[in-house]
Amino acid sequence: MSHVVHRQLHHRYPVAVGGEGIYLIDAQGKRYLDASGGAAVSCLGHQHPEVLAALRAQLERLEYAHTSFFTTAPAEALADELAAHAPGDLKHVYFVSGGSEAIEAALKMARQYFVERGEPQRRHFIARRSSYHGNTLGALAIGGNAWRREPFAPILIESHHIAPCYEYREARAGESAEAYGKRAADELERKILELGAGSVIAFVAETVAGATLGAVPPAPGYFRRIREICERHGVLLILDEVMCGMGRTGTLHACEQEGIAPDLMAVAKGLGGGYMPIGALLVSERIYDAFYKGSGAFQHGHTYIGHPLACAAALAVQRVIQRERLLDNVSARGAQLGKALRARFGSHPHVGDIRGRGLFMGLELVAGRATKKPFDPARRVHARVKSEAFVRGLCVYPMGGTIDGRAGDHVLIAPPFICDAAAIDAIVERLGDAVDAATAAGVGADLIPAEEDSPS
Ligand SMILES: Cc1ncc(COP(=O)(O)O)c(C=O)c1O
């Protein structure tokens, strides 16, 4: 019996013993094409020799130094690198160990910013329904997935939610994408006014909604409108690019494609590519200045922030991505993936929507295409897809509760940036078989295996 508290206590997980590029290998020697990079993490694939060498070199120099005593060369170099390529004036970097920690830091930094400025009455955060920002209590509180919040509701900080920008289900018949985007964004202004403009700290959103909504890009103009509304009311914009950022959509930051920059931005996953746990909060000049001219310190910190090994790994990952021009490959392979998904699933009776950007794509599964009616949640179709794909040697990242935390199923596809054309074809072929098997008539709840349901 295992002493590890696994995610699903009744599930027996295969033991992963090796990795090779886009493949993971288990103890039986079975190879899995890692088409989701775990949870959109492994952007460089597995065992990249240059990252391993950078880790070894750092380990031989220095394994750890506490940030209350020292800074280190890899932390400084990685911050320089991130600042050099940041959108807007996000020139300052606060390192953490993952996505939830980056969001926690963003919430606290946003609040302290207003304390520094003499506006302590600001206390509200507004986010979106069906969003995912992490599993720690602050991140869960602003997260908008009803099912994940429910057991912890009595102990979550107060937060407010507006509708997501989710054209497939929320645009009205005949409404243009632009008109829908404006309508969806305008809900933020109404919410700010309802709460009292001077009492709102920030609006928090994933630029491309990932784990819980399934790779949903914003409607055209949505974020430009959001940015205007935030400016008008002195509300900060916090973008969560933990999943969609660091190249996943074809540009280093997803917000570049929206023509805006936030005040604070959380990144993680693709930053270190899974070689070490690392996340970062990118901070704008005006926020940094308020701290610099104010108390001089962010009242926060963890033991492992700015860990030299994590920073060295992330720096190596980012240098390989740049040198090998892998974001060009994300765009090219992303276009191929989109085309192949549309060819395979464009008229599939149980695929209602094919969406995403770059190598960050999603399929929304439905009982009927015309009605957009979701499957009965009891069938756990998403779990079945994951399991059918896994049997076929394919890792994808499906999730249930797409629509309201309970109903709806989607599949997230987020392969490594190093994928070649043959890998994309193999992903779509295996996924096609898995979706056919999982959605076939007569496949019922009794056949659903215990599966992973909690994003991370
Ligand atoms: C958008 C987003 N924010 C935050 C998180 C939390 O990151 P972590 O699991 O590294 O704490 C995730 C994880 O899936 C995410 O997708």
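Being a predicted model, the structure only gives us computed values, none of them experimental.

**Q** Please give an account of the overall build of the protein that cites residues and values.
**A** Across its full length, the protein holds 14 helices and 15 strands. Taking 23 Å as the expected radius of gyration for a compact globule of 456 residues, we find that the protein reaches 21 Å, a close match to that expectation. Once the C-alpha set of the protein is aligned to its principal axes, its extents read approximately 65 × 55 × 45 Å. Taking as baseline every contact in the protein between residues at least 6 positions apart, the subset at least 24 positions apart corresponds to 73%. When the accessible surface of the protein is summed, it comes to about 18600 Å², and 54% of that surface belongs to carbon and sulfur atoms.

**Q** Before we move on, can you summarise the pattern of salt bridges with the specific residues and values?
**A** Across all of its chains, the model carries 25 salt bridges by this definition. Note that E119 and R122 form a salt bridge whose closest N and O atoms lie 2.8 Å from each other. With respect to class, E119 is no different from R122; both count as buried.

**Q** Account for the confidence of the model for the protein, naming residues and giving values.
**A** Across the protein, the average pLDDT comes to 96, with 97% of residues at 70 or higher. A low-confidence stretch, residues 445–451 stays under pLDDT 50, and its non-local contacts, those more than four residues away or across chains, total 18 contacts.

**Q** Got a sec to walk through the state of the cysteines? Specific residues and values, please.
**A** Applying the stated rule across the entire model yields 0 disulfides. Between C165, a cysteine without a disulfide, and C244, which holds the nearest cysteine sulfur, the sulfur-to-sulfur distance is 13 Å. Taking the relative accessible area as the measure of exposure, C165 reaches 4% and is therefore buried. You can see C230 has no disulfide; the closest cysteine sulfur is in C255, sitting 13 Å from it.

**Q** If you had to explain the packing of helix α4 (residues 99–116) against helix α10 (residues 285–293) to someone new, which residues and values would you point to?
**A** Two elements in contact, α4 and α10, have axes whose closest approach is 9 Å; the angle formed by their N-to-C orientations is 55 degrees. As summarised for this structure, α4 and α10 are arranged oblique, according to the angle between their axes. By crossing handedness, the relation of α4 to α10 is classed as left-handed. In this structure, α4 uses M109, Q112, Y113 and E116 to contact α10, whose residues at the interface are R286, I287, A290 and F291. Within the contact of α4 with α10, the residues separate by chemical class into 5 nonpolar, 1 polar and 2 charged.

**Q** Describe the sheet that holds strand β15 (residues 409–413), with residues and values.
**A** Strand-to-strand pairing in sheets goes through backbone hydrogen bonds, with the strands running parallel or antiparallel. Sheet architecture is open: 4 strands sit in the order β11-β12-β15-β14, paired in antiparallel fashion. What marks the edges here is a single partner per strand, and that holds for β11 (351–357) and β14 (397–400). Across the sheet, the mean angle separating the axes of adjacent strands is 20 degrees when strand polarity is ignored. Here 4 bridges tie β14 to β15, and the two strands are oriented antiparallel to one another. Note on β15: the bridge partner recorded for M399 is H410. Of the strands in this sheet, β12 (360–365), β14 and β15 are in contact with helix α13 (residues 381–391), which crosses β14 at around 165 degrees.

**Q** Can you break down unusual backbone geometry residue by residue, with the values?
**A** With a phi angle near 55 degrees, A215 is a residue other than glycine that sits in the positive phi range. In this structure, A215 sits in the loop between β7 (200–206) and α9 (222–233). By relative accessible area, which is 0% here, A215 ends up buried. Phi at R380 is positive, roughly 45 degrees, even though this residue is not glycine. Along the chain, the position of R380 falls in the loop between β12 and α13. Assessed through its relative accessible area of 26%, R380 is described here as partly exposed.

About the criteria used
- Positions within a chain are numbered from 1, following the residues in the order the chain's sequence is written.
- Only residues with pLDDT of at least 70 are given local features in this predicted model, and only at 80 or more are side-chain atom pairs given and counted; all residues enter the totals for whole chains, interfaces and linings.
- By convention in this description, side-chain values take in all heavy atoms of the structure and omit both hydrogens and water.
- Counting from the N terminus, the helices are the DSSP runs of H or I reaching at least four residues and the strands are the DSSP runs of E reaching at least two.
- Note that the radius of gyration is over C-alpha atoms, with the globule rule given as 2.2 Å times the number of residues to the power 0.38.
- Only heavy atoms enter the contact rule, under which two residues are in contact if any of them lie within 4.5 Å.
- Throughout, the Shrake-Rupley method with a 1.4 Å probe supplies accessible areas, and for residues the shown protein chains are the sole cover considered.
- We define a salt bridge as a side-chain nitrogen of Lys or Arg found within 4 Å of a carboxyl oxygen belonging to Asp or Glu.
- Type-normalised accessible area, obtained with a 1.4 Å probe on protein chains alone, sets the label of each residue: buried when under 20%, exposed when over 50%, and partly exposed for intermediate values.
- Confidence per residue, as judged by the predictor, is encoded in pLDDT with a range of 0 to 100.
- The term disulfide is used for any two cysteine sulfur atoms that are within 2.5 Å.
- Whenever a helix is involved, its axis is fitted only over the stretch in contact; in every case the axis is a line through C-alpha atoms, and angles between N-to-C directions fall within 0 to 180 degrees.
- Here roughly perpendicular refers to angles of 65 to 115 degrees, roughly parallel to angles under 35, roughly antiparallel to angles over 145, and oblique to all remaining angles.
- Helix crossings fall into two classes, left-handed where the near helix is turned counterclockwise from the far one by less than a right angle and right-handed where it is turned clockwise.
- Amino acid classes used here: Ala, Val, Leu, Ile, Met, Phe, Trp, Tyr, Cys and Pro are nonpolar; Asp, Glu, Lys and Arg are charged; the rest, including Gly, are polar.
- One requirement defines pairing of two strands: DSSP has to find at least two bridges between them.

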